[in-house]
Every structure is written in C-alpha cells, then in structure tokens.
Amino acid sequence: MFPRVSAIIPLRLLSPFPLCPGGSEAPAAAIVRLGAPHGTVRTKNEVHRYFGTNNVICNKKDEQSAPTRDISKETETQESVKENTKKDLLGIIKGMRVELSTAKVQTTRPPNRRQLKSIEATTGRLHKVPEDAPKKRTKSLSPELVAAAAAVADVLPFDKQMTKSELLRQLQQHEEVSKAQKDGERAKISVSNIISDMKIAKSSTARVSTRPVHQIQFDEGSNDYVGQKKTNDLKKSLRKNMLKGKRLNIFDLKAVTEEAPETETAPSLWDVEFAKQLAEVNEQPLQNGFEEMIQWTKEGKLWEFPINNEADQLGFLHMAAVEFLTARKSKD
Amino acid sequence: MAAVASGRCVGVRCRLCLMLTGQWTGLCGKAPSRFYSGSATLPKIEGANVTGIEEVVIPKKKTWDKVAVLQALASTVNRDSTAAPYAFQDDPYLIPTSSVESRSFLLAKKSGANAAKFIINSYPKYFQKDTAEPHIPCLMPEYFEPQIEGISEAALKERIKLKKVRASVDMFDQLLQAGTAVSLETSNSLLDLLCYYGDQEPSADNHFHQSEKSEELEEAIEENNEKSKKAGHQFGVTWRAKNNAERIFALMLEKNSHSYCTMIRGMVKHRALVQALNLYTELLNNRLHADVYTFNALIEATALSMNEKLEDKWNKILELLKEMAAQKVKPNLQTFNTILKCLRRFYSFGRLPALQTFREMKAIGIEPSLATYHYIIQLFYQHENPSKGSSLIIYDIMNELKGKKFSPKDPDDDMFFQSAMRVCSVLRDLELAYQVHGLLNTGDNWKFIGPDHRRNFYYSKFFSLLCLMEQIDVTLKWYKDLIPSVFLPRSQTLIDLLQALDVANRLEVIPQIWKDSKEYGHSFRNALKEEILMLMARDRHPPELQVAFADCAADIRSTYESQDARQTAPDWPANPLNYIAVLFLRGGRTQEAWKMLGLFRKHNKIPGNELLDEFMDSAKASNNPAQAIEIVKLASAFSLPVCEGLAQRVMADFVISQEQKEALGDLTSLTSDSDSDSDIGEGK
C-alpha cells in the first residue's frame, strides 16, 4: 500500500507559477503534504477537489495530492505489503506529512499523468456512481488498502463514509487502469494533451508553452506578449510577476545589513551638492499665506509664534530701551 | 461649565456668583451648595475641583516646533478651485491666463528677488544699517571675497570653501612653490572642488558674480557644447585633458582612496569615461578601495561607453557589482537607480536585467524610490506599439505603490508621475489613472509633481483621458475643479472637452467653453474656434439655444475681425465664414447674416450649397425677392453649378418683376455663356 512511501526520499513538485507545463519535462518534484485543514469547512465539491478530481487547475494542492495518491497506489500494486511499514504509514497519516521520492516520480510519471487524465474523464461520473458499485469494487482491493483508506477518512474532517467510499473508488479505478496498462497497452501520452485537457480557469492558454526555453522566459517575457483583450483574471494572475522571479544574486542580505565600522568624515562637496539637489526635488510654490509665513519663520525673517519672552529675540528690546534712556540722559 | 467659571471668581465677585448660581440650581446639582458656604477661599478649592479624582496624572510635556502653530493653521486651508495659485499676485492683471504667462510671471518674481540680492551683495557698504530686531542674517549682504590674505593653507581652505576655482588653484601652486606641504585633507577638498565643477568656475547663478570670470565660463561652455552635443551633458562642461585636476592629482605626493575616488567621479560626471575606467584600474593596482559613490560612477561609465555590444556592457556592469560585493562595499539606492537609468538605453534587451535588478534591490532591503519606478516605466513603455500589446507592469507597479508616502531620495523622483500618467493615457485606462492620481494625493506626494511643465503635462494627459473615457458630468466636475486653479489648459485640451460634450450631446455648454477659452488666451486659436463653430452649426437646435449660439458666433466673429485688423493680408478661413453665417441665420440675426454674405466675396471664399439654400429659405420667409436675387448673383459670381437651381427656385417661389426676371436670365445665361464660350474656344 503505502509501504514504499515510507522510505522517505524527498519529492519535489515544480514550484509555483507555471505548474502545468513544468510538471512534465523538468524533473518534477514537490514536497507533498496531505495537509489537514483543521477546522475548515468544506463542501462536497471541495471534497472532490481535494482528491484532485474536478478542476485540475494549476492548483498546487490538487497537483500535489493527485500524484501522491497515484504514486502510492502504483507502488501498492507493484509491491507486496509489509506489515511494519504499514504501521509506520498509519502513524504518518496521523501526522499528515508524507515525503516521497524523486526517483519514484520519474519512473511512475506516465501512469500518473494518465491517471490524471482518467480522473478528469471520470469526474462527471462521480456522483452518479451507484451505491452497490463501491462494494463490488472493494472486493478486489487488498484489506490493507481499505484500512489505510479508512484511516485517511478518519483523519480528514469530511463526511467519513463519503470520503472513504470516494477513496476506495479511486483506488479501484486506478487498479483497473494499471491492469490494463500491464496488459501491454501503452497509451501515448503527450504532455500537451494533458495540459489541454486540464481545465484552466484563466482565459487564454495559447501562450503556455511547454518548452523549457520558453518556460524560463515565461516569468519575464509574459509581460510582452499580452493581447489587447486582457481580462481581469489575467491581470491578477500576472500581478505578482514583478516581484517574483530571478534576481541578480550578487549581494547578500546579511552582508549588506551588517554595520561596517564607518569612519566619520565631514560631508564632502559631492554630498553637500547632492543634498541640495535632493531638497530641490519636491520644492513646490507656496500654497497659502500660512506656508509663506512658515517659510519666513524658517529663514528667520519672521518672529516665532507664540512669542517666547525668554528667547533672545526680545533681548534687543532691552538694549534698545537702554540706549533710549542713555540718549535721553545725554540730552538732559 | 457655569459652576466652574463662577468657581474661579475671586473674592469680590463671590456674591454675584452666588446670585447666578441660584439660577443654575436645577442644572448643576451639587455645585450651588458649595457656594452657599460663603468662604472667601472657595475659588482655590474650586480650582482644585471635582470630587472623585484620587490620582493626578501629569502628562508629558509637549515640545512644539517653532512652526507648529503655523503648520496647524496651514493644514486647515484647502485649495480654492476658483482662485489662482497663491504664488501670484491677486490682481486681475497679474493673474496668468496661460501656462506660458504663468511661467514667465513666476520667473519674473524670482528674478526680482535675485536682482535685489545681487545689488545688495555687490554694494554691501550701502546696506550696513541693521534695524531689524532680532537680527535677520539672511537679509544682510553676503561676503564672497576671500578675506584671508597671504599664502597659507588657511587661505587655500577659505578659497575652496568660497568655491573660487581659479583662486584656489593659484593658491595651491603658490604654496607648492614656496615649499609648504599641503595636507592631504586640503588637497582632497581642492580635488573635490575641481572635479565637481570640472575645472570651471561654478555657474554664475550661485554667486551673482558678473566679473570676467563668468564671461570666460560662457565661452568655455560654448566651446564645450559643440564637443559634447552627443554626450548630452547638462552644462556642456567636458573634461579637458591635462586640466588642473589631473595636474594637481599628479603633483600630490600622497594620495588616498578619496583622491582617486573623487577623480573618477569627476571624470565620469564630465564624460571622460575611458580615463575614469583606467584610473579605477590604477586604484586597484595601488591596493586601494573605492567607495559606493565611485562604483556608481563606474557603472555609469561602463553603460555610457560607446562601441560595445549591450551584452558586453551588461556583463561588465555585473562584474563591477560582484567586485563591490567582494570588497564589502554596500550598495545604496543610487547604485540600483544608476543601473536602471542606464538600462533604458538598452531598449528591450534591458527589460529582463531591469527586473532582476529591481528584485535584487528589494531582496537586500533597499526601498525603491519613485525614480526607480520611473526608469522601469520608461524602459517598458518606451516605444509604444499598442497593436503589438503592452506590458502589464504598470499594474504591478501601481499595486506595489498603493498608499505609500514618499520623501525625496533621488533627483529624478519628480519624473514618476508624468511618466505614469503618460502610460495611462496610452493604455486608455481611466481606472489606472485614478489610481495614479490617488497616489499623487496621498500625504505629501503631491510635491513630487515636479516643475510647471511637468505638472501641466500630467494634468493635460489626465484631463484628456477623462474627456475620452469618463461620463460627461464627472468630466465637467473635474473641469471646474482643476481649471484654472491647478493647471491652465492648452487649446487641444479644450478641443478634447468639446468632443466629449459632442459625444454626450451636451452642446449647450459650448458657449461657456468659448468664454473660458477666451480667458485662457485661446482667442486666436483657429483650430479651436473652428471646432466650436462646427459643433454649433452642425444641427438645428431649439430657439433659445440657437440664440445663445448666435451670440457666441458673433463673439467669435469679432475675434476674426480683430485678427484681420492686425494682419496686412487679412484672411478668413472658409469654414468659419459658413458656420457663422448659418448660425446668424438660425439665431434670428438676419441682417448680420446678410452682411456675412458680403464677406464671402470680399475674402474670396466659396459659400456652401446648404448655406445658400438656407439663405434662400430665409429670403422666402421674409418674402424679399431682392435678397433672393442677391443670392443668385453671389452664386454666379463664383460660377457655382448650383446657380441654375437657385435661379429657377427664385422664379418659382418669388413674385418678381420683369426687370428682375431679365436680370436673372442674364445671370444664368452668363454662366451658360461662359460654358458655351469655353466650348467655342475649344472648338476653335
């Protein structure tokens, strides 16, 4: 079942933005988490989505959860069950963190992709599956599978029965598919087909190219080739482009922020002139009489208000008074 | 409140208080009972006051800035949208009506102040009397002549401080000849002076010196202008080979990194790029370190050097940055802004590096300034080709900047708003324009609108966009708000507004727009007048409106007439003649309309067919055959093909005498004769 899985080798999916094209060519890898959304309320639809059924959009979670299960199922059918690893596994599920291998992904990728496709295809039919079908199907599944499915269903905060039956149905389908595959049929999978099958909630997918060359430029170059009809969705999807992406990687944050011992030197002519230029940048004509008075006060042309009797400014009055008195005296 | 107030009454007035408080009994509850105790010491107790407080909290002392009161007052004053900006004198003659006038008025004001300062500084001995108390230093004469005589380092320092380039160099030379050693610090500050000003005297603006030095400066500038036209340097000062800076640099026995750095910076500033880079190599050979400003200059030098491929240049810049990092020189905002500024010349190749630079900047915690975003906008929207599709980066930028307040960090910060608005205008996105305008009005950001011409550009673009995209009522509100208190419209702006009115079918506003146009000095803009006339004359309107239009047309006609009076060869354009005539007719000014007909002949302009028809209708309405015949005469004078039709109409609709019939016949035959004559002519 999940025995292989427990051999913890990191698996990394392609990081954020172009998920869809990237998953194919580059050695796809992701840190996969069956993250338990504690306390979140989910509807039926979301259940499907969580299990990667309905909108297989460029949605991180879907992609993560889908391959995970697929990988796990695949390994299950290929390998025999081991008791001790199964226990580990249940513990892992309880902790809700699974790490999978890169290598596994590569070898099992084609089936994964096919699985995605078939899941896509069967999406619509999920609700219509009659009740007795699950019973029939679970017969061909191994008890360990069923137990694991039950454990997962317990941990997840959805309707347990529903969850369990969903899971089991998925597993069953997977079994059938992989059997068919074993029979020798190798469907030709082209990534572009899969991508075109994937429902993307944005308007134009024409731009999405799977070639690595275009892919690298996609981050930066997408700014250029946008047609006249840009939808709001498209705008939002590209919004963070400016900030995300490669940088020069020349400077290091730590090196830059550490305080180097700086010698205190008097500002040179360059600094003084630069400061003057800067001050001129946001100079604007005065907007009202008060601003003019502020300007004059700063220049020293106007007394400060409220008048401060203790300040030197009135000292001269004393001097003037003294002069006046002495002048009077001299007259007399 | 009454209780407290009366509580403060000192002794003598207590009785009065008691009487007063008697009336307030019902309201004040406890207070009156206290008064009835009649104690003379009451006031103090009242001052200490209230019953329940146990603890006194002493607030911290606030210190107020000397301008705090004024600032508080200033913050209560909003812009008056009906008034001219405060900087102008509040006199009808002295309020500018166009942007050209506005600029010249402000310059006049400033130059007056400069002239006064110049006089005071040139003749200080007449301005010694100081009657101001307290003393106002900035109104007293300033001294620009060096006071210290003799040859000494102190004298040299003084001359450097006063920015006397020649005098400093001479003093330095004299000191060296005398054998006195000049300290490294002083030598460095001399080098600073020489490098900053490129071995020229600082420009005359600074010091009001009308000595022979400034004349030399002008000559030097002219020479250099020819050399440096391509370099496009601000003042046209280029770095002459073997100038004083280089000479003194060579003479210096001891050089530290500051010496090298200032030389490099000077060379780059005055476009001696290769020399700067060479000097940098020398600096490294001497195991010295450059500072961040020098690196910035070197980056600029690398980017401006000619004859190199863009990729090579970019790689060299990257190498410089790596050297910076290796030498642990911290980059500053100017580093990145310089890179972005230079990348503009790289056109589309520069886009990816620019984004990488921007991200680097953010990653190491340097906050971008408005200039940064300005350079990015310029890079991405340089050559606008809307058919190809535009970059969306402006949306990223505006989201990034939402609600932020800025302070000046870079001399190019005041370029941002006009480039942002230009992009909005090109993209025809009104919502984005509102965002930009909102950012402008956040905090003190409005100060970054820049000088006059930039402000006018910004608002012209903004208003044109409003005219194009916004509902007419909102547009008219903006019109009232912005004009004339914020900017004065060009004629094109008014034409845009007229077109908006046309689209929204609000033609009744047009006479008001014409009145405003006259106020803003556009009385003689033919394009504007034609547009107004065309819009008014195009369709028929209800009578009151027609009368208003006719008045407006009369006004416009008078402008044409006064234009005529000025010019030696008066020339009315054809279309306005047509429009004005038709408007007069429809507005009931028939007499004047007929006078207009005379003008057609005078200026040799052809009247339109519809116009003639309308005149015919009018003649019919007033039952005036003579007028009708006038029309036919006019038509035949121009040999218009419609002449025949008109003549027939006259015959049909009017009761005319035999003479008139014959006259008509002559007229029409004249035209047909002329045809037949031409036939005969050809036949021969």
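Residues numbered from 1 in each chain as written. Chains lettered and ligands numbered in written order. Predicted model: local features only at pLDDT ≥ 70, side-chain atom pairs only at ≥ 80, totals over all residues. Heavy atoms only, no water.

Looking up chain B in an unreviewed UniProt entry gives the name Small ribosomal subunit protein mS39, with the organism given as Acinonyx jubatus. Regarding chain B, the UniProt comment filed under Subcellular location (unreviewed entry) reads as follows: "Mitochondrion". (UniProt positions renumbered as here; feature names shortened; annotations may be inferred.)

Going by what an unreviewed UniProt entry lists, chain A is known as Small ribosomal subunit protein mS31 and is assigned to Acinonyx jubatus. UniProt's Subcellular location (unreviewed entry) comment on chain A is quoted here verbatim: "Mitochondrion".

Visitor: Just checking my understanding: could you explain the overall build of chain B for this structure?
Guide: When its secondary structure is counted, chain B shows 35 helices and zero strands. Counting across all 684 residues of chain B, residues that qualify as buried make up 46%. Partitioning the contacts of chain B with sequence separation of at least 6, the portion at a separation of at least 24 is 64%. (Helix = DSSP H or I, 4+ residues; strand = E, 2+ residues; numbered from the N terminus. Buried < 20%, exposed > 50% of the residue type's maximum accessible area, 1.4 Å probe, protein only. Contact = heavy atoms within 4.5 Å.)

Visitor: Would you take a moment to explain a nonpolar patch on the surface for this structure?
Guide: A surface patch of nonpolar side chains, about 430 Å² in accessible area, is lined by Ile119, Tyr123, Tyr126 and Phe127 of chain B. Topologically, tyrosine 126 of chain B is positioned in the loop between helix 7 (99-122) and helix 8 (153-161). (Patch = residues over 30% accessible without salt bridge, like charges linked within 9 Å, V, L, I, M, F, W, Y side chains within 5 Å. Areas by Shrake-Rupley, 256 points an atom, 1.4 Å probe, with all protein chains shown as cover. Salt bridge = Lys/Arg side-chain N within 4 Å of Asp/Glu carboxyl O.)

Visitor: I keep staring at the UniProt feature "repeat: PPR" (unreviewed entry) in chain B and nothing clicks. Help me out?
Guide: UniProt annotation of "repeat: PPR" (unreviewed entry) refers to residues 332-368 of chain B when read in the numbering used here. The span residues 332-368 of chain B carries 65% helix and 0% strand; its end-to-end C-alpha distance comes to 10 Å.

Visitor: Where do I start with the interface of chain B and chain A in this structure?
Guide: One widely used convention gives an interface's size as the accessible area the parts lose upon coming together. Listed as interface residues are 80 residues of chain B and, on the opposing side, 64 residues of chain A. For the pair chain B and chain A, the summed buried area comes to about 6,300 Å², and 66% of that belongs to carbon and sulfur atoms. If you look at where chain B meets chain A, you find two salt bridges. Counting the contacts that link chain B with chain A gives 13 residue pairs in polar contact (both at pLDDT 80 or more). Within the residue set of the side of chain B that touches chain A, elements represented by two or more residues are helix 6 (68-75), helix 10 (184-197), helix 14 (257-269), helix 17 (310-326), helix 18 (333-343), helix 19 (351-363), helix 20 (370-380) and helix 21 (393-401) of chain B. Residues belonging to the side of chain B that touches chain A are distributed by class as follows: 43 nonpolar, 14 polar and 23 charged. (Buried area = accessible area lost by both parts, 1.4 Å probe. Polar contact = N/O pair within 3.5 Å; in protein donor to acceptor, adjacent residues only side chain to side chain. Nonpolar A, V, L, I, M, F, W, Y, C, P; charged D, E, K, R; others polar.)

Visitor: I'm lost on the confidence of the model for chain A in this one. Help?
Guide: Residues and elements named next belong to chain A. On average, residues of chain A carry a pLDDT of 59, and 29% of them reach 70 or more. The element-level mean pLDDT for chain A is lowest in helix 2 (residues 19-25), coming to 41, with helix 15 (residues 289-299) highest at 93. Here residues 97-138 scores under 50 on pLDDT; set against residues more than four positions off or in separate chains, the count is 82 contacts. Throughout residues 199-229 the model reports pLDDT below 50, and contacts reaching past four residues in sequence, or to other chains, amount to 58 contacts. (pLDDT = per-residue confidence, 0-100.)

Visitor: Please explain the pattern of salt bridges as it appears in this structure.
Guide: Close approach of charged atoms allows side chains with opposite charge to pair. Residue and element names in this part refer to chain B. Using the criterion set out here, one finds 29 salt bridges over all chains in the structure. Note that aspartate 452 and arginine 455 form a salt bridge whose closest N and O atoms lie 2.5 Å from each other. Here the residue aspartate 452 and the residue arginine 455 both occupy positions in helix 24 (residues 452-469), the gap between them amounting to three residues, near one helical turn. Arginine 455 carries the same exposure label as aspartate 452, and that label is buried. Among the ionic contacts, a cluster of salt bridges with common partners joins Asp551, Arg557, Glu561, Arg589 and Glu592.

Visitor: I'm lost on the packing of aromatic side chains in this one. Help?
Guide: How two aromatic rings sit relative to each other is set out by the distance from centre to centre and by the angle between their planes. Residues and elements named next belong to chain B. Taken as a whole and judged by the stated rule, the model has 20 aromatic pairs over all chains. Centre to centre, the rings of phenylalanine 462 and tryptophan 478 are 5.2 Å apart; their planes meet at 80 degrees, and the pair counts as edge-to-face. On the criterion of sequence distance, the pair formed by phenylalanine 462 in helix 24 and tryptophan 478 in helix 25 (residues 472-482) is long-range, its members being 16 residues apart. By relative accessible area, phenylalanine 462 is classed as buried at 0%. Connected via pairs of aromatic rings, a cluster forms that spans Phe416, Phe417, Tyr434, Tyr458, Tyr459, Phe462, Trp478 and Phe487. (Phe/Tyr/Trp six-rings, centres within 6.5 Å; stacked < 30°, edge-to-face > 60°.)

Visitor: Explain helix 22 (residues 416-427) of chain B here, please?
Guide: Three- or four-residue spacings in an α-helix give side chains the same orientation, since the helix completes a turn every 3.6 residues. All names here are of chain B. An ideal rise of 1.5 Å per residue puts 16 Å on 12 residues; helix 22 measures up with 17 Å between its terminal C-alpha atoms. Within helix 22, 10 of the 12 residues are buried, leaving the element largely enclosed by the surrounding structure. Those residues of helix 22 lying buried are Phe416, Phe417, Gln418, Ser419, Ala420, Met421, Val423, Cys424, Ser425 and Leu427. The inward-facing, buried residues of helix 22 abut helix 20, helix 21, helix 23 (430-440) and helix 24. Downstream of helix 22 by a residue or two, arginine 428 has a phi angle that is positive, lying close to 55 degrees. (Expected span 1.5 Å × (residues − 1).)

Visitor: Got a minute to help me understand the side chain of arginine 454 of chain B in this structure?
Guide: Tracing the chain through its elements places arginine 454 of chain B in helix 24. Dropping the residues within four chain positions of it, arginine 454 of chain B is found in contact with Asp414, Met415, Gln418 and Ile449 of chain B.

Visitor: How do you make sense of the nonpolar core when you look at a structure like this?
Guide: The biggest cluster of nonpolar side chains holds 180 residues, and the ones touching the most others in it are Phe416 and Phe417 of chain B. Two domains share this core, each providing at least three of its residues, namely domain 1 (507-599) and domain 2 (606-672) of chain B. Not counting residues within four places of it along the chain, the set of residues in contact with phenylalanine 417 of chain B comprises Leu370, Val436, Leu439, Leu440, Asn445, Phe448, Ile449 and Tyr458 of chain B. Formed by seven residues, the second largest nonpolar core is a distinct cluster that contains Ala149, Leu156, Leu167 and Leu171 of chain A. (Core = buried A, V, L, I, M, F, W, Y, C linked by side-chain atoms within 4.5 Å. Domains from an automatic or database assignment.)

Visitor: Teacher, can you tell me more about the packing of helix 16 (residues 292-304) of chain B against helix 18 of chain B here?
Guide: Between two packed helices, both the angle of their axes relative to each other and the distance between the axes serve to describe the pair. Residue and element names in this part refer to chain B. Closest axis-to-axis distance for the helix 16/helix 18 pair is 9 Å, and the angle between their directions is 5 degrees. Classified by the angle their axes make, helix 16 and helix 18 are roughly parallel. Together, Val292, Asn296, Ile299, Glu300 and Ala303 of helix 16 and Gln334, Thr335, Thr338, Ile339 and Cys342 of helix 18 make up the contact between the two elements. (Axes fitted to C-alpha atoms, helices over the stretch in contact; angles between N-to-C directions. Parallel < 35°, antiparallel > 145°, perpendicular 65-115°, else oblique.)

Visitor: What's the story with the packing of helix 21 of chain B against helix 23 of chain B in this structure? I'm lost.
Guide: Residue and element names in this part refer to chain B. In the contact formed by helix 21 and helix 23, the axes pass within 11 Å of each other and the chain directions differ by 35 degrees. The interaxial crossing formed by helix 21 with helix 23 has left-handed handedness. Touching Ile394, Tyr395, Met398, Asn399 and Leu401 of helix 21 are Leu432, Gln435, Val436 and Leu439, all from helix 23. Grouping the constituent residues of the contact of helix 21 with helix 23 by class yields seven nonpolar, two polar and no charged. (Left-handed = near helix turned anticlockwise from the far one by under 90°.)

Visitor: For this particular structure, what's the right way to read the confidence of the model for chain B?
Guide: Low pLDDT marks stretches whose predicted atomic positions should not be read closely. Residues and elements named next belong to chain B. Considering every residue of chain B, the mean pLDDT works out to 83; 84% of them sit at 70 or more. Every residue in residues 1-14 is under pLDDT 50, and counting partners more than four places away or in other chains gives 16 contacts. A low-confidence stretch, residues 206-235 stays under pLDDT 50, and its non-local contacts, those more than four residues away or across chains, total 38 contacts. Among the scores for the predicted complex, ipTM is 0.78 and pTM is 0.67.

Visitor: I would appreciate a short explanation of helix 33 (residues 625-637) of chain B in the present structure.
Guide: Residues and elements named next belong to chain B. Between its first and last C-alpha, helix 33 extends 18 Å over 13 residues, near the 18 Å set by a 1.5 Å rise per residue. Capping the start of helix 33 is the job of one residue whose side-chain oxygen sits 3.2 Å from the backbone nitrogen of alanine 626: asparagine 624. A positive backbone phi angle near 55 degrees is found at serine 639, which sits one or two residues after helix 33.

Visitor: Before we go on, may I ask you to explain the environment of tryptophan 303 of chain A in this structure?
Guide: All names here are of chain A. Tracing the sequence through the fold places tryptophan 303 in the loop between helix 15 and helix 16 (315-331). With relative accessibility at 29%, the residue tryptophan 303 sits in the partly exposed group. Separated by 10 residues in the primary sequence, tryptophan 303 and methionine 293 place their C-alpha atoms 9.5 Å from one another.

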